[in-house]
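One letter stands for each residue in the lines below.
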Amino acid sequence: QVQLVESGGGLVQAGGSLRLSCAASGRTFSSSPMGWFRQAPGKEREFVAVIWSSTFYADSVKGRFTVSRDNTKNTVYLVMNNLKPEDTAVYYCAAGRPLGASRLPSEYDYWGQGTQVTVSS
């Protein structure tokens, strides 16, 4: 059974940092693009970052967030610095098809359950 499990969310003040982790089990995703998405209440799920042969970021997080992966641990990370209240959302990791580093949720086949990130002002 394939599982993606996110951890590391929490409550942080504006300007603070968090590191999210996404541990995969059931199969290896070393050749798959791994994406991070987020969804705030009342909003659609939106792209945050993806790592494959390269990394890509949403403009809203560029320069503040860094995505990385450790294939030996089958784990992907998202380091979030200088957090802002508008970063508040449930953050999801997802494993995509080995066709490209997509920003579209529909291009991802496996999803974690999400971890809540709340940034207070």
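In what follows, the structure referred to is the one given above.
Quick word on the state of the cysteines
- Applying the stated criterion to the full structure yields one disulfide.
- With a sulfur-sulfur separation of 1.9 Å, C22 is cross-linked through a disulfide to C93. Here the disulfide of C22 and C93 is right-handed, its torsion about the S-S bond being about 55 degrees. One end of the pair, C22, is in strand β3 (residues 18-25); the other, C93, is in strand β9 (residues 89-96), and 71 residues separate them in sequence.
- Using a relative accessible area of 1% as the deciding quantity, one classes C93 as buried.

A short note on the sheet that holds β3
- Ordered by their spatial adjacency, four strands build an open sheet running β1-β3-β8-β7, and the pairing between neighbours is antiparallel. The sheet is open, and its two borders are formed by β1 (3-7) and β7 (65-70), each paired with just one other strand. Put simply, the sheet's adjacent strands are angled 15 degrees from each other on average, direction ignored.
- One ladder, built from six bridges, connects β3 with strand β8 (residues 75-80); its direction is antiparallel.

Concerning the side chain of R38
- Here R38 is to be found in strand β4 (residues 34-39).
- At 3.5 Å, the side chain of R38 forms a polar contact with the side chain of S60.
- Within the structure, the side chain of R38 is placed 2.9 Å from the side chain of Y91, a separation counted as a polar contact.
- Those residues in contact with R38 that lie beyond four places of it in its chain are E44, R45, E46, V48, S60, V61, F65, E86, D87, A89, V90 and Y91.

Some thoughts on the side chain of S21
- Position of S21 among the secondary structure elements: in strand β3.
- Other than its neighbours up to four places away in sequence, S21 contacts V5, E6, S7, W36, T75, V76 and Y77.

Conventions we followed
- Residues numbered from 1 in each chain as written.
- Predicted model: local features only at pLDDT ≥ 70, side-chain atom pairs only at ≥ 80, totals over all residues.
- Heavy atoms only, no water.
- Disulfide = S-S within 2.5 Å.
- Helix = DSSP H or I, 4+ residues; strand = E, 2+ residues; numbered from the N terminus.
- Buried < 20%, exposed > 50% of the residue type's maximum accessible area, 1.4 Å probe, protein only.
- Pairing = 2+ DSSP bridges.
- Axes fitted to C-alpha atoms, helices over the stretch in contact; angles between N-to-C directions.
- Polar contact = N/O pair within 3.5 Å; in protein donor to acceptor, adjacent residues only side chain to side chain.
- Contact = heavy atoms within 4.5 Å.

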